[in-house]
Amino acid sequence: MDDDMDNHPAGHDHAVVLGAGLAGLLAARVLAKRFARVTVLERDELADAGPAFRPGVPQSRHVHVLWSRGLELMEELLPGVTRELQSGGASLLESPRDLLWLSPADWFGPVPGTRVLVGSRELIDWTVRREVLRDERIRIRPGCPATGLVAGPDGRSVTGVELREGEPLAAGFVVDATGRTSKARAWLAALGYPAPKTTRYDSHLGYSSRYFEIPSDPARRWQAMYVQGRPDSPRGGVLVPLDGGRWLATLIGNGEDAPPTKDEEFLGFARSLRSPALYDAIRDAKPLSSPIGFRSTANEWRHYERLERWPAGFVVLGDAACRFNPVYGHGMTVAALAADALAAEIRTLSARDVAGAARRIQRRTVAAAAVAWQIATSEDLRYPGTEGPPPDRATRILQGYMSRVMVGANSDPEISGRFFGVLSLTASPNTLLSPGTMIRVLSKWRLPTAPVTADYPSHHRSQL
Ligand SMILES: Cc1cc2nc3c(=O)[nH]c(=O)nc-3n(C[C@H](O)[C@H](O)[C@H](O)COP(=O)(O)OP(=O)(O)OC[C@H]3O[C@@H](n4cnc5c(N)ncnc54)[C@H](O)[C@@H]3O)c2cc1C
């Protein structure tokens, strides 16, 4: 497709998506059902040959888990994508069965839970991109950053985007999915729109991640590991298998307990977690990289949906609108939920009508973030150093209840099934508040203050 066509003033049958991350790619797939052409503008150069690191997604060097709800929605949008991800080296695990997982309460036993896909973020992006590009109506322009929005003469509708050299690209609908560095606020201000209010909670969680070669160990009975921190012992770690026989170990901690990024300090931090399990796994494994840190982990919701004035033809999706502390693993699933909400909103509209529905679409798509936001912010508020609006009474009651749910979920099949339904964003949190579940949670379970962490749960004990 040549650029003359892109610049055609009658862009109403043309949608433009900014950013080829997960949120942008899935939105493009949905929009191609209504628009004759969808152009995805991506600032980075993109490698076609295979999964590769790129600077626009620096978080890809840290553990990414995709909960079942996100994977199911991606499979609906891109049939066969799960198989493609697995053949690229991603693992589809049963959580917690296949994980050696120490919760804030205790080790998870072999209770029912949910599926979770673990794989490198580079692989997930590359596979989804390849599948999205099977649709001939979609094309990606790599190395092509958007620098602003173009508005109609009355300023009430977005009619395109500005490219680096200032030339415009006409569009009937523009989606900003440029992630956490989104400039939507400034772009809208340039068109005369007020800044949205922002709600922010920052637990100052730090990440440090390092690749290892997976050592052969016939006695190993788990496939991934998660040693969670808790407020009185905030250091944690995750270990997942990746393509190419690699492990990715991500160490986490808040404030002063943030993990180190020096080679010689990585193992020492791993040894200081609540259980030595992760240290034991990696201490003799061959490192394939030096540790890499990541510190920008605040929850931040830019409330575009609350603005009184909103231009037709424009929405902000994914991390650009609402991002979460990544430790709960929800960003990609929320991107898929937002794409699903977008699909529901435009199902009965013509391309021309989608622009007029932008304000409603903004509200409905960001609503997909609500449960993940509630989980992340109420959990983060357990940590004393978390900055943000203080928890209200309802949140404090919920926190106490969820502590007990966690204890129950470790070994009670009914509670664990419901807990993982909520954590995977499959089921409403209300399912944990049904009378039967509440009685089970409140009457049976008491919080251990110092769980015995040295002994692994029986289903993961070494068989040798
Ligand atoms: C350390 C860390 C760990 C995480 N772990 C998990 C996890 O375990 N599970 C999970 O589900 N989520 C996780 N997330 C969240 C997840 O990475 C994001 O929520 C998810 O990628 C959706 O992001 P997005 O598509 O909105 O933005 P991104 O993936 O950040 O993509 C934005 C894209 O926009 C491009 N771009 C930026 N500016 C421009 C511009 N001006 N013009 C054109 N293109 C532009 C960028 O190059 C990039 O390609 C984690 C995040 C972090 C930070």
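Treat the numbers as computed from the prediction; the structure is a model and nothing was measured. Within each chain, residue numbers correspond to sequence positions counted from 1 in written order. Where local features are concerned, this predicted model is filtered to residues with pLDDT of at least 70; where side-chain atom pairs are given and counted, the filter is 80 or more; whole-chain, interface and lining totals use all residues. Side-chain figures throughout are based on the complete set of non-hydrogen atoms in the structure, without hydrogens or water.

**Description of helix H7 (residues 263-271)**
Line of reasoning, step 1. Each residue gets one of three labels from its accessible area relative to the maximum for its type: buried under 20%, exposed over 50%, partly exposed in between, using a 1.4 Å probe on protein chains only. Helix and strand assignments come from DSSP, with helices taken as H or I runs of at least 4 residues and strands as E runs of at least 2, each series counted from the N terminus. Taken as a whole, H7 has its buried residues at Phe266, Phe269 and Ala270. Seen end-on, H7 carries its buried residues on one side only, within an arc spanning 100°. Facing away from the buried side of H7 by more than 90 degrees, the exposed set consists of Glu264 and Arg271.
Line of reasoning, step 2. Turning to H7, the residues buried within the fold contact strand S13 (205-213), strand S15 (236-242), strand S16 (246-254) and helix H8 (277-282). This arc corresponds to the set of directions leading from the helix axis out to the C-beta atoms. Every residue pair with non-hydrogen atoms within 4.5 Å of one another is taken to be in contact.

**Let's talk about the domain arrangement of the protein chain**
Line of reasoning, step 1. Each domain span listed reflects an automatic or database assignment of domains. Domain boundaries assigned for the protein chain yield domain 1 (3-57 + 122-200 + 299-368), domain 2 (204-294) and domain 3 (374-444).
Line of reasoning, step 2. Look at where the C-alpha atoms of domain 1 and domain 3 centre, and you get two points 33 Å apart.
Line of reasoning, step 3. Taken together, the contacts link 10 residues of domain 1 with 11 residues of domain 3.
Line of reasoning, step 4. Here a salt bridge means any side-chain nitrogen of Lys or Arg lying within 4 Å of a carboxyl oxygen belonging to Asp or Glu. Run the count over domain 1 and domain 3 and you get 0 salt bridges.
Line of reasoning, step 5. Pairs of N or O atoms are called polar contacts if they sit within 3.5 Å, as long as, within protein, a hydrogen donor faces a hydrogen acceptor (for residues adjacent in sequence, only side-chain-to-side-chain pairs). Applying the counting rule to domain 1 against domain 3 returns 4 residue pairs in polar contact (both at pLDDT 80 or more).
Line of reasoning, step 6. Of all elements in the fold, only strand S12 (198-201) and helix H9 (331-346) reach the threshold of two or more residues within the side of domain 1 that touches domain 3.
Line of reasoning, step 7. For the side of domain 1 that touches domain 3, the leading source of residues is H9, giving 3 residues.
Line of reasoning, step 8. Charged means Asp, Glu, Lys or Arg here, nonpolar means Ala, Val, Leu, Ile, Met, Phe, Trp, Tyr, Cys or Pro, and polar covers whatever is left, Gly included. Its residues placed into classes, the side of domain 1 that touches domain 3 shows 4 nonpolar, 5 polar and 1 charged.

**So, unusual backbone geometry**
Line of reasoning, step 1. Of the consecutive residues Ser95 and Pro96, the connecting peptide bond is found in the cis state with omega at 10°.
Line of reasoning, step 2. A positive phi angle, close to 55°, is found at His204, a residue other than glycine.
Line of reasoning, step 3. Accessibility expressed as a relative area gives 33% for His204, which makes it partly exposed.
Line of reasoning, step 4. The backbone of Leu425 sits at a positive phi, close to 65°, despite the residue not being glycine.
Line of reasoning, step 5. By the element assignment, Leu425 lies in the loop between helix H14 (413-423) and helix H15 (435-444).

**Regarding the pattern of salt bridges**
Line of reasoning, step 1. On inspection of all chains with the given rule, the structure shows 28 salt bridges.
Line of reasoning, step 2. For the salt bridge of Asp263 with Arg210, the shortest nitrogen-to-oxygen distance reads 3.7 Å. Here Asp263, found in helix H7, pairs with Arg210, found in strand S13; they are 53 residues apart in sequence, far enough to count as distant.
Line of reasoning, step 3. What makes Asp263 partly exposed here is its relative accessible area of 37%.

**Concerning the pairing of strand S1 (residues 14-18)**
Line of reasoning, step 1. When you tally the buried positions in S1, you get 5 out of 5 residues, the bulk of the element.
Line of reasoning, step 2. Taking every second residue as pointing to the same face, both faces of S1 are buried, with His14, Val16 and Leu18 on one and Ala15 and Val17 on the other.
Line of reasoning, step 3. Following DSSP output, two strands are said to pair if at least two bridges run between them. Where S1 lies against strand S2 (residues 37-41), 5 bridges are found, and the strand directions are parallel. Pairing of Leu18 across the sheet is with Leu41, part of S2.
Line of reasoning, step 4. Taking the sense of rotation as the criterion, the β-α-β connection linking S1, helix H2 (residues 22-31) and S2 turns out right-handed.
Line of reasoning, step 5. As judged from the 4 bridges shared by S1 and strand S11 (residues 173-176), these two strands associate in the parallel manner. Looking at S11, one finds that Ala15 is bridged to Phe173. Call a crossover right-handed when, viewed with both strands pointing away from you, the route from the first strand across the helix to the second goes clockwise.

**Description of the sheet that holds strand S5 (residues 99-102)**
Line of reasoning, step 1. Pairing in this open sheet of 6 strands is mixed, and the strands run S5-S14-S15-S16-S13-S17 from one edge to the other. Looking at strand neighbours, the two that pair on one side only are S5 and strand S17 (292-294), the edges of this open sheet. Taken over all neighbouring pairs, the strand axes of this sheet differ in orientation by 15° on average, direction set aside.
Line of reasoning, step 2. Pairing analysis gives 9 bridges linking S13 to S16, with the strands arranged antiparallel. Paired with Ser209 across the bridge in S16 is Thr250. Simply put, an axis is a line fit to the C-alpha atoms, just over the touching stretch for a helix, and the angle between two N-to-C directions goes from 0 to 180 degrees.

**Things to note about the nonpolar core**
Line of reasoning, step 1. Buried residues of nine kinds, namely Ala, Val, Leu, Ile, Met, Phe, Trp, Tyr and Cys, make up a nonpolar core once their side-chain atoms join them within 4.5 Å. Ranked by size, the top nonpolar core spans 125 residues in total, and within it Leu31 and Phe173 carry the most contacts.
Line of reasoning, step 2. Counting residues per element, this core draws most heavily on H9, at 10 residues.
Line of reasoning, step 3. When near neighbours in sequence (up to four residues on either side) are disregarded, Leu31 contacts Ala15, Val17, Val38, Phe173, Val175, Leu342 and Ile346.
Line of reasoning, step 4. The next biggest cluster of nonpolar side chains, apart from the first, holds 22 residues, and it includes Leu100, Trp247, Phe266 and Tyr279.

**A look at the pairing of strand S9 (residues 158-163)**
Line of reasoning, step 1. Two strands pair when backbone bridges link them, and strand S8 (residues 146-151) and S9 are joined in this way by 5 bridges, in the antiparallel orientation. Bridge assignment links Val150 to a residue of S9, and that residue is Gly160.
Line of reasoning, step 2. In this antiparallel pair of consecutive strands, S9 and strand S10 (residues 168-170), the connection spans 4 residues, and Gly166 shows a positive phi of 90°.

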